[in-house]
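# Residue-level structure breakdown
The primary structure of each chain is shown beneath.
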Amino acid sequence: MSNGKVEIFDTTLRDGEQVPGCKLNTVQKLKIAEELDSLGVDVIEAGFPVSSPGDFKSVQEISKLVKNASVCGLTRAVKKDIEVAAEALKFAKRPRIHTGIGTSDSHIKYKFNSTREEIIVRAREAVSYAKNFVDDVEFYAEDAGRTDNEYLARVCTAAVEAGATVLNIPDTTGYCLPEEYGKKIKYLKEHVKNIDKVTISCHCHNDLGLATANAIAGIMNGARQIECTINGIGERAGNTALEEVVMILRQHPTLNLHTNIQPKLLYALSNLVSREMGMFVQPNKAIVGANAFAHSSGIHQDGVIKNRETYEIIDPADVGVTESAIILTARSGRAALAYKAKKMGYELTKLQLDIVYAEFLNYADHRKEVADTDLHEIMSISFKNR
Ligand code: KIV
Ligand code: ZN
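Model, not experiment: these values are computed from the prediction.

A separate point is the pairing of strand β5 (residues 136–142). Counting buried residues along β5, 7 of its 7 residues qualify, which places the element largely inside the surrounding structure. Burial along β5 is two-sided: the residues Asp136, Glu138, Tyr140 and Glu142 and Val137, Phe139 and Ala141 are all buried. Sheet analysis places strand β4 (residues 95–102) next to β5, joined by 7 bridges and oriented parallel. Within β5, the position partnered with isoleucine 97 by the bridge is valine 137.

Laid out in structure tokens, this is it:
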């Protein structure tokens, strides 16, 4: 793996599916998994096999289907979970078991009624047990975001000694600031023994709207895998959005970091996940929201019509969106009106444009936006008595 390659670990089908009311059946999961594989993700976390027979079946079927990506199953640091995950993954070309345990003081005290030392023992045992079934074992230190760095480094060292290939450092509660999360990764790079033999993974939640920023901070400090979901869906406020991290790395070539993702497929996959999950994408969502390439104020529209780059940092075609949208509103100017009218077949002289524009403003002031059908009506009103 070259040092600039960032692995994309997609967890839409596991953490993403933990959204209330967004249960997917096996057929739906297979459809999404196939598209994720074509998109170029490196790892598909297909589910949590011990959690239900349905999830077991989904992981098993996805393992049979996926051609390129590693297929991963989540477990707790519990033997039974690991055995069931190994069974569900047995048809995968590249199986990965993702096992781990909570490491923050509140998890140790309230979830496990345990001690720091005991948690290290359980972490080590879980990884070594998983190694009996697969070579590729990822260890997660749940709530690493709120775990003190010194202790976290000890847990991670134990996991690496036991054979972990990837160390996942989740900011489970979305608490960290980007600088803090970045420093945590740097600290682990400097203090975990044999860290250069494994990949550090960022798994960030969005409770404070920082999931993407934190994942990027992690990558800039030496992590080389990002765990993310399509449309950023997931528990509570969601996970790092796949489309965001991929496009951040692509739009900033000076970072010298790249992924395997085919960005042109992003928009279609966003729509597929939204449809299958029954979860709409907020219009202002970066990259894939309905307004991500829509312009509605006169100053912006005038700029974009002259040259797209004035207000767009991404060519919409690069992520599979046909073209930028010019939305007519009461804030639109003559340039946008003339542009839209021309697209609809009306070539207006300067004088005609003035007449239509006056009528348009009267109309637009009473509406949120002016649709193409409205514009036809405005045209006929404008020229009715002339
Ligand atoms: O957020 C989290 O800590 C997780 C782990 C189970 C990986 O999803
Ligand atoms: Zn998570």
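Anyway, onward from the coordinates.
This paragraph deals with the packing of helix α7 (residues 178–191) against helix α8 (residues 211–220). Look at α7 against α8: their axes get within 8 Å of each other, and the N-to-C directions meet at 35°. Like other packed secondary-structure pairs, α7 and α8 cross with a definite hand, here right-handed. Here Pro178, Glu179, Tyr181, Gly182 and Ile185 of α7 lie close against α8, whose contacting residues are Ala213, Asn214, Ala217, Gly218 and Met220. When grouped by side-chain class, the residues that make up the contact of α7 with α8 number 6 nonpolar, 3 polar and 1 charged.

Attention now moves to the pairing of strand β8 (residues 225–228). Burial along β8 is two-sided: Gln225 and Glu227 facing one way and Ile226 and Cys228 facing the other are all buried. For strand β1 (residues 7–10) and β8, the ladder comprises 4 bridges, and the chain directions are parallel. Directly across from isoleucine 8, in β8, lies its bridge partner isoleucine 226. Pairing analysis gives 3 bridges linking strand β7 (residues 199–204) to β8, with the strands arranged parallel. Its bridge partner lying in β8, cysteine 202 is registered against isoleucine 226. In the classification by handedness, the crossover that spans β7, the intervening α8 and the parallel β8 is right-handed.

Residues with a pLDDT of 70 or more make up 99% of the protein chain, whose mean pLDDT is 96. Both scores are given for the predicted complex: the pTM is 0.96, the ipTM 0.99.

Before going further, it helps to spend a moment on the sheet that holds β5. Overall, parallel pairing links the 8 strands, which are arranged β1-β2-β3-β4-β5-β6-β7-β8 in a closed barrel. Across this sheet, the average inter-strand angle for adjacent strands is 25°, counted without regard to direction. Sheet analysis places β1 next to strand β2 (residues 43–47), joined by 2 bridges and oriented parallel. Following the sheet pairing, phenylalanine 9 is matched in β2 by valine 43. Along the sheet, helix α6 (residues 149–161) makes contact with β5 and β6 (166–171), crossing β5 at roughly 165°.

With that out of the way, let us pick up the nonpolar core. Across soluble globular proteins, nonpolar side chains show a tendency to be buried alongside one another. The biggest cluster of nonpolar side chains holds 94 residues, and the ones touching the most others in it are Ile44, Ala123, Cys156 and Ala159. In terms of residue count, the dominant contributor to this core is α6 (7 residues). Those residues in contact with alanine 159, other than ones at most four positions away along the chain, are Ala123, Arg124, Val127, Phe139, Ala164 and Leu167.

The packing of two helices is summarised by the inter-axis angle and the distance between the axes. Helix α10 (residues 266–277) packs onto helix α1 (residues 26–39) with a crossing angle of 165° between their chain directions and a minimal axis gap of 11 Å. By the angle between their directions, the pair α1 and α10 is classed as roughly antiparallel. Taken as a pair, α1 and α10 cross one another with a handedness that is left-handed. On α10, the residues that touch Gln28, Lys31, Ile32, Glu35 and Leu39 of α1 are Leu269, Leu272, Val273 and Glu276. Split by residue class, the contact of α1 with α10 holds 5 nonpolar, 1 polar and 3 charged.

The subject of this paragraph is unusual backbone geometry. In this model, aspartate 143 sits at a positive phi of 65°, which is unusual for a non-glycine residue. As for its position among the elements, aspartate 143 is in the loop between β5 and α6. Taking the C-beta count within 10 Å as the criterion, aspartate 143 has 22 such neighbours and is therefore assigned buried.

Here is what the cut-offs are and how they apply
- Residues numbered from 1 in each chain as written.
- Chains lettered and ligands numbered in written order.
- Predicted model: local features only at pLDDT ≥ 70, side-chain atom pairs only at ≥ 80, totals over all residues.
- Buried ≥ 20, exposed ≤ 12 C-beta atoms within 10 Å, placed from the backbone.
- Helix = DSSP H or I, 4+ residues; strand = E, 2+ residues; numbered from the N terminus.
- Pairing = 2+ DSSP bridges.
- Axes fitted to C-alpha atoms, helices over the stretch in contact; angles between N-to-C directions.
- Left-handed = near helix turned anticlockwise from the far one by under 90°.
- Contact = placed C-beta atoms within 7 Å.
- Nonpolar A, V, L, I, M, F, W, Y, C, P; charged D, E, K, R; others polar.
- Right-handed = clockwise from strand over helix to strand, strands pointing away.
- pLDDT = per-residue confidence, 0-100.
- Core = buried A, V, L, I, M, F, W, Y, C linked by C-beta atoms within 7 Å.
- Parallel < 35°, antiparallel > 145°, perpendicular 65-115°, else oblique.

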